[in-house]
Amino acid sequence: MTTQKFDSIIVGAGHAGVEAALAIARTGYQVLLLGLDISTVAKMSCNPAIGGLAKGHIVREIDALGGEMGLAIDQTGIQFRMLNRSKGPAVWAPRAQADKQEYSEYMRRAIDAESNICLKEGQAAAILVKDGKCYGVRIQEGEEFLSKTVILCTGTFLQGLIHIGEVNYPGGRGGEDPAIGLSDSLREAGIELVRFKTGTPPRLHVKSIDWNLLEEQKGDDPPLPFSYRTKKINRPQRSCFLTYTNKQTHEIIRKNLHRSPLYAGVIVGTGPRYCPSIEDKIVKFADKDRHQIYLEPEGLHNDEIYANGLPTSLPKDVQEDLVHSIRGLERAEFIRYGYAIEYDCAPPTQLHHTLETKKIENLFFAGQINCTSGYEEAAGQGLVAAFNVIRKLKGQSPFILDRSEAYIGVLIDDLVTRGTNEPYRMFTSRAEFRLILRQDNADERLIQYGHQFGLITKDQFDVSCEKYNKIRLEIERLRSVRKNGKTLEEHIRRPDQNYKALYDNALCSCIFNDDEIHSIETKIKYEGYISRQNTEIGKFKKLESKQIPDEFDYKKLKGISIEAIEKLDKIRPKSIGQASRIPGVSSCDLSVLAIHLRQGYL
């Protein structure tokens, strides 16, 4: 039976689903947010942290676009750190530990505050498709909901299977049911699915750990907010602690590899190379005597400690032995054991850059269903999918961030152009223009888009514009004022000089805060590098502007490899620039393609 009609249905109330639902609802559209358990909105299934290397850049970008993640972590974070301060500004990265329960509760309040969102508990069992267009979903009980668009944000729940040693059972994550039936519906609609795997470490009781034997790691003082809309962090802060595995730990693992579902051949899904299980580390890095374990509190009033660095699917008795072999954890009590989880996901080369599927109109994918990993990558996708739903509902052109604008643009372009054979994780090294895409200037790069969609207020937009205008005028002043035969800009450019030194000599103003001073110094000290990257961006834009018609028949091309024809026909790139990033397409292939395009060959 058909009950209600919506502008958009979001399946999955995780990090992707929440950002998508909030953005669409805040622009005036009616949204159904469908979750298996509505008490777990934006639940942190794995580590209790937001941000980190490259991921912190994405959170800042989400915030500049008007998303909620940055505001949420600012209100619920219990330790804030800027990583990589000893390196160049392109790789500085904010990271924060979260009170995971408070984080979920914050996001639930945000959802409840939006009158345009209907939050409903239920399991989507099928997508409704007619004439190549998705028009709704059917839940397990048989009830159908109609909509103009659907976004699937299913995380690890599609046919989820949990493994702990020789035991395995269906589950979307620990203690929760999987999504059954939706995978079959997607396959029937022509969507290809693959099997991936991820894992999580044990949670240990805070009172059972010998903290005196561990290395304390405090956060920054004062803590730096993620959101440009947060003035100051006013929350109690907590330390994290370091310890390490040792030879005894490694020996315990080696002796029990035959009991690991990963090495016994029980797990068939592909796992993340950059976040391997501890048993995988011991095998692949046999020369290492130890591996770092980062003990993270899961909340201010939570007894659970997250053992970052120890993801495992070994049997419970082996998990206990290996944990108890580690310094400071000799008497550690388990609250929850580590486990691996297999789940279905869809190779993202089946998507447009809008995250709409190529085969089914009005159906969008966001988050781990696109073969990604991480809360931040999921949230960024959810926001981009939402923006394109909004544009589609308004009859407007697609919203696409390119690689020169944002890490989110790099993420999506990598997924739809190159695909991935393992859970995708963002790194700064993936961004060729990373000196332009710094974490400190995300608002300068992207806030105009958030304002255009109505998610950033005029006052917030004006504050950002005023900030960067003030910075621009100060840099112009520094170029015009001389001291000892050199401009103040030239003084700051020297490695041993900075803005504060000039201020101490009454040559600079005190009207700038630390964030603005950092921006001034970065723009001056790295001007040459930034200028070169802008030149490269110009070349990139030129290639992106060379469009390829949607109906182009690659099979008629002569003079290029069979592999290139197959790849081009599968991906169907929108431009020569995108075609150049497809694995298996050579520069010679591109030259031939460009010649045919100039000749109007179809």
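Residue numbering note: each chain is counted from 1, following its sequence as written. Thresholds applied to this predicted model are a pLDDT of at least 70 for local features of residues and 80 or more for the giving and counting of side-chain atom pairs; totals over whole chains, interfaces and linings are not thresholded and use all residues. Side-chain metrics in this entry use all non-hydrogen atoms of the structure; hydrogen atoms and water are not considered.

Participant: An account of the overall build of the chain is requested, with residue identities and associated values reported.
Facilitator: In this text, helices come from DSSP runs of H or I with a minimum length of four residues, and strands from runs of E with a minimum of two, each type numbered from the N-terminal end. The number of helices and strands found in the chain is 19 helices and 22 strands. Principal-axis analysis of the C-alpha atoms places the extent of the chain at approximately 75 × 70 × 55 Å. In the chain, of all internal contacts separated by at least 6 residues, the share reaching a separation of at least 24 is 74%. Counted as positive: Lys and Arg. Counted as negative: Asp and Glu. His and the chain ends are not counted at all. For this purpose, a charge sits on NZ of Lys, CZ of Arg, CG of Asp or CD of Glu. Taking the average place of the 82 positive charges on the side chains of the chain and the average place of its 80 negative ones, the gap between the two points comes to 4 Å. Should any heavy atoms of two residues lie within 4.5 Å, those residues are considered in contact.

Participant: Quick one: what's the story with the sheet that holds strand 18 (residues 334-336), residue by residue and with numbers?
Facilitator: We call two strands paired when DSSP finds no fewer than two bridges between them. Here we have six strands laid out as an open sheet, ordered 14-15-16-17-13-18, and antiparallel in their pairing. Edge positions in the sheet fall to strand 14 (215-217) and strand 18, since each has one partner strand and no second. Going from strand to strand, the sheet's axes swing by 35 degrees on average, the running direction of each strand aside. Two strands pair when backbone bridges link them, and strand 16 (residues 292-297) and strand 17 (residues 304-308) are joined in this way by four bridges, in the antiparallel orientation. The residue bridging Leu295 from the neighbouring strand is Ala307, located in strand 17. Lines fitted to C-alpha atoms define the axes here, with helix axes fitted over just the stretch in contact, and angles between the N-to-C directions of these axes take values from 0 to 180 degrees.

Participant: For the pattern of salt bridges, give the residues involved together with the corresponding values.
Facilitator: A side chain of one charge can pair with a side chain of the opposite charge if their charged atoms are brought near each other. Salt bridges are identified by distance alone: a Lys or Arg side-chain nitrogen within 4 Å of an Asp or Glu carboxyl oxygen. In total, this model carries 52 salt bridges according to the counting rule given. Across the salt bridge formed by Arg445 and Glu61, the nearest N and O atoms sit 3.0 Å from each other. Pair noted here: Arg445 is in helix 11 (residues 442-452) and Glu61 is in helix 2 (residues 55-64), with a separation of 384 residues, a long-range link. Summarising the burial analysis for this pair, Arg445 and Glu61 share the class buried. Residue Arg235 pairs with Glu102 through a salt bridge whose shortest N-O separation is 3.0 Å. Here Glu102 lies in helix 4 (residues 100-112) and Arg235 lies in the loop between strand 14 and strand 15 (240-244), a separation of 133 residues in the sequence. Exposure classes here rest on a 1.4 Å probe applied to the protein chains alone. A residue is buried below 20% of its type maximum, exposed above 50%, and partly exposed in between. With a relative accessible area of 18%, Arg235 lands in the buried category. Where salt bridges share partners, they join Arg403, Asp413, Asp414, Arg418, Glu432, Glu544 and Arg581 into one cluster.

Participant: Residues and numbers for the nonpolar core, please.
Facilitator: We call a set of buried Ala, Val, Leu, Ile, Met, Phe, Trp, Tyr and Cys residues a nonpolar core when their side-chain atoms join them within 4.5 Å. The biggest cluster of nonpolar side chains holds 105 residues, and the ones touching the most others in it are Ile151, Leu152 and Leu186. Per-element tally for this core: the top contributor is helix 9 (residues 375-393), with 10 residues. Excluding residues that lie within four positions of it along the chain, Ile151 makes contacts with Ser8, Ile9, Ile10, Val11, Ala20, Ile24, Phe364, Ala366, Ala385, Ala386 and Val389. Ranked by size, the runner-up nonpolar core spans 22 residues in total, among them Phe241, Ile253, Leu314 and Ile326.

Participant: Account for the packing of aromatic side chains, naming residues and giving values.
Facilitator: Two aromatic rings, drawn from Phe, Tyr or Trp (for Trp, its six-membered ring), form a pair once their centres lie within 6.5 Å of each other, and the interplanar angle then sorts them: stacked below 30 degrees, edge-to-face above 60, tilted otherwise. Here the structure, examined in full by the defined rule, presents 10 aromatic pairs. Measuring from centroid to centroid gives 6.2 Å for Tyr526 and Tyr529, while their planes differ by 50 degrees, and the two rings are tilted. The exposure class assigned to Tyr526 is partly exposed, which follows from its relative accessible area of 26%. Accessibility expressed as a relative area gives 48% for Tyr529, which makes it partly exposed. Among the aromatic residues, those joined into a ring-pair cluster are Phe387, Phe399, Tyr449 and Phe453. Two thresholds decide whether a charge sits over a ring: the Lys NZ or Arg CZ must be within 6 Å of the ring centre and within 35 degrees of the ring normal. Geometry around Tyr244 places Arg290 over its ring, the cationic atom sitting 3.7 Å from the centre. Here Arg430 stacks its cationic end above the ring of Tyr424, 4.2 Å away from the centre of that ring.

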